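Structural overview for review
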Amino acid sequence: MKQTIDEFLSHVRQRNPNEPEFLQAVEEVAETVLPYIVKHDIYYGKNILLRMVEPERVISFRVCWVDDSGEIQVNRGYRIQMNSAIGPYKGGLRFHPTVNQSILKFLAFEQVFKNSLTTLPMGGGKGGSDFDPKGKSDGEIMRFCHAFMSELFRHIGPSTDIPAGDIGVGAREIGFLFGMYKKLKNEFTGVLTGKGLSWGGSLIRPEATGYGNVYFAQKMLETKGDAIEGKQVVISGSGNVAQYAAEKVLQLGGKVLTLSDSSGYIYDEKGIDAEKLKYVMHLKNVERGRIGEYANKYPEAKFIKGETPWGIKCDVALPCATQNELGESDAKTLVENGCICVSEGANMPSTNKAILVFHKAKILFAPGKASNAGGVATSGLEMTQNALRFNWTREAVDEKLQEIMEDIHDECIKYGKGEDGYVDYVKGANIAGFVKVADAMLAQGIV
Ligand code: NDP
Ligand code: 2IT
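Summarised in this report is the structure supplied together with it. For clarity, every value in this text was computed on a predicted model and none was experimentally measured.

Digging into the state of the cysteines
- Tallied over the entire structure, the rule returns 0 disulfides.
- In this structure Cys64 is not part of a disulfide, and its nearest cysteine sulfur, from Cys145, lies 15 Å away.

Shown next, in the form of structure tokens:
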């Protein structure tokens, strides 16, 4: 088996040089899915995984815009349309200076499995730009978003490809992007998700990824007769996902000890309560400030510059910032400090070596493609509401989100439970996600 996996990976490596993040994501999937394919005749010998690692379409384009000082700026825009076997391409847009083809291909590849797990009819895609929103005025953000959409619009559509937010793309950016799409196409359609409530958005979509992640962690803990209540929780990031993960932890009776951004983390031994979280939301979403300012406002908290929060003793860790933010030594520290559950809010925040540490220690570990799927699932619910030209209540959407997270958890157990009872959620999520897409690809023939 090892030889089959090595041969497959070396082939993919050769065809995708200089794409380390993409190869990392493929490696994690190949190691769990190839052994399953070999054991199942309907999938064996059809090169299905080889077809799945090749994007159906990669679009790369120039984005020119004028900054506030009258200077012409040039950025690069992308959309990776990875797989449309079970539905139109669906996935977020990321605006961050580190964005490149490798990062977007890893995200698009993960999205295919994640969207399949949601039980909703959505294929996988991802896009974005190396544009850095930090420090830009609202006018600059608007001009960039309009310029970006002036090319992207010809490649997307409500039945073709439906983008949403991701790092650096929130409600403000979705608004500007939607405005330009509507103008160019002269149609009001649900072509983007994460829209404002008065123009087609869904209740709970802003909260969905963070809430969904905590619902998933709760499900995992329940398998051990345990719960979030009373748990010490370490969270990284302080953006959309981290904020609402923190809110749900508080609602379920847990204690949030940390939040972070790319400049460092804050540690509040007394706990980041609802009042303090409200301040963080205002600081990050309205003032667009840095998390370090929390320690000025609340002197009982410490700001640790340039570091990640994994050294703080906790029961539960929720990495909610970015890829590869939690390495092997961080994983060892978490385990040594008694952490029993790691549930990924971000996409691929744990390195493959870190995952091995969690698996060896047999603690609960959920990969992002399962545990952060609540965001895109609720995007799917936004699409349904747009198609119906109707809005569901907050309670109705939250209930559906909880059902979906429970279904994903069940699927992970179905394919990931080992003989000793330990659940490998990585294996479970990869195989469950794969089966649905592979069956659709087989039914549709070689296209
Ligand atoms: P936001 O832009 O709202 O927040 C991102 C957060 O992560 C910020 O605190 C940011 O800090 C931090 N961060 C970004 N890059 C780095 C870095 N290189 N090192 C350290 N910290 C960093 O994004 P989201 O909260 O939406 O996304 C967070 C993660 O969740 C991403 O991995 C995303 O792909 C994933 N995700 C998001 C979903 C969604 O619906 N939004 C759905 C599923 C997954 P700083 O301000 O300093 O950059
Ligand atoms: O990574 C993700 O799942 C997202 N950024 C959300 C995608 C979406 O279409 O809602």
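Digging into the sheet that holds strand β9 (residues 302-305)
- Spatially, the 7 strands line up as an open sheet ordered β9-β8-β7-β6-β10-β11-β12, and their pairing is mixed. The outermost strands of the open sheet, each flanked by one partner alone, are β9 and β12 (364-366). On average, adjacent strands in this sheet sit at an angle of 15° to one another, irrespective of strand direction.
- Bridge count for strand β6 (residues 232-235) against strand β7 (residues 255-261) is 3 bridges, and the pairing is parallel.

Considering helix α2 (residues 20-39)
- For α2, built from 20 residues, the straight-helix expectation of 28 Å at 1.5 Å per residue is met to within 8% by its first-to-last C-alpha distance of 29 Å.
- For α2, the principal kink sits at Ala30 and spans about 35°.
- Of all 20 residues making up α2, 14 are buried, and the element is well covered by its neighbours.

Notes on the side chain of Glu207
- Positionally, Glu207 belongs in helix α7 (residues 205-222).
- Within the local environment of Glu207, its side chain forms a polar contact with the side chain of Arg394, the two groups lying 3.1 Å apart.
- The residues contacting Glu207, other than those within four sequence positions of it, are Tyr244 and Arg394.

Focus: the site of ligand 1
- By nearness alone, 25 residues border ligand 1, and Asp166, Thr209, Ser262, Arg290 and Asn347 come closest of all.
- Between ligand 1 and the protein, one listed contact pairs an oxygen atom with a backbone N or O atom of Asn240 at 2.9 Å.
- Here Ser262 contributes a side-chain N or O atom positioned 2.4 Å from an oxygen atom of ligand 1.
- Starting from 890 Å² of accessible surface for ligand 1 in isolation, the protein chains cover 83%.
- Classifying every residue of the shell around ligand 1 by side-chain character gives 5 nonpolar, 13 polar and 7 charged.

What about the sheet that holds strand β5 (residues 161-164)?
- As summarised here, the arrangement of the 5 strands in space is β1-β2-β4-β3-β5, forming an open sheet in which the pairing is mixed. If you trace the sheet from one side to the other, it starts and ends with β1 (57-66) and β5, each paired once. In this sheet, neighbouring strand axes are inclined to one another by 20° on average, regardless of whether the strands run parallel or antiparallel.
- Of the pairings in the sheet, the one linking strand β3 (residues 89-95) to strand β4 (residues 124-129) comprises 3 bridges and is parallel in character. Following the sheet pairing, Leu93 is matched in β4 by Gly127.
- Of the strands in this sheet, β1, β2 (72-83), β3, β4 and β5 touch helix α5 (residues 138-152), which is tilted by about 140° from β1.

Structural notes on the packing of α7 against helix α14 (residues 374-388)
- It is the contact of α7 with α14, at a shortest axis distance of 7 Å, that shows an interaxial angle of 145°. Our pair here, α7 against α14, has a crossing hand that is right-handed. In this structure, α7 uses Arg205, Ala208 and Thr209 to contact α14, whose residues at the interface are Gly374, Gly375, Val376, Thr378, Ser379 and Glu382.
- Considering only residue class, the contact of α7 with α14 consists of 2 nonpolar, 5 polar and 2 charged.

Thresholds, definitions, all that
- Residues numbered from 1 in each chain as written.
- Chains lettered and ligands numbered in written order.
- Predicted model: local features only at pLDDT ≥ 70, side-chain atom pairs only at ≥ 80, totals over all residues.
- Heavy atoms only, no water.
- Disulfide = S-S within 2.5 Å.
- Pairing = 2+ DSSP bridges.
- Helix = DSSP H or I, 4+ residues; strand = E, 2+ residues; numbered from the N terminus.
- Axes fitted to C-alpha atoms, helices over the stretch in contact; angles between N-to-C directions.
- Expected span 1.5 Å × (residues − 1).
- Bend = angle between axes of the 7 residues up to and from the residue.
- Buried < 20%, exposed > 50% of the residue type's maximum accessible area, 1.4 Å probe, protein only.
- Polar contact = N/O pair within 3.5 Å; in protein donor to acceptor, adjacent residues only side chain to side chain.
- Contact = heavy atoms within 4.5 Å.
- Near = heavy atom within 4 Å.
- Areas by Shrake-Rupley, 256 points an atom, 1.4 Å probe, with all protein chains shown as cover.
- Nonpolar A, V, L, I, M, F, W, Y, C, P; charged D, E, K, R; others polar.
- Left-handed = near helix turned anticlockwise from the far one by under 90°.

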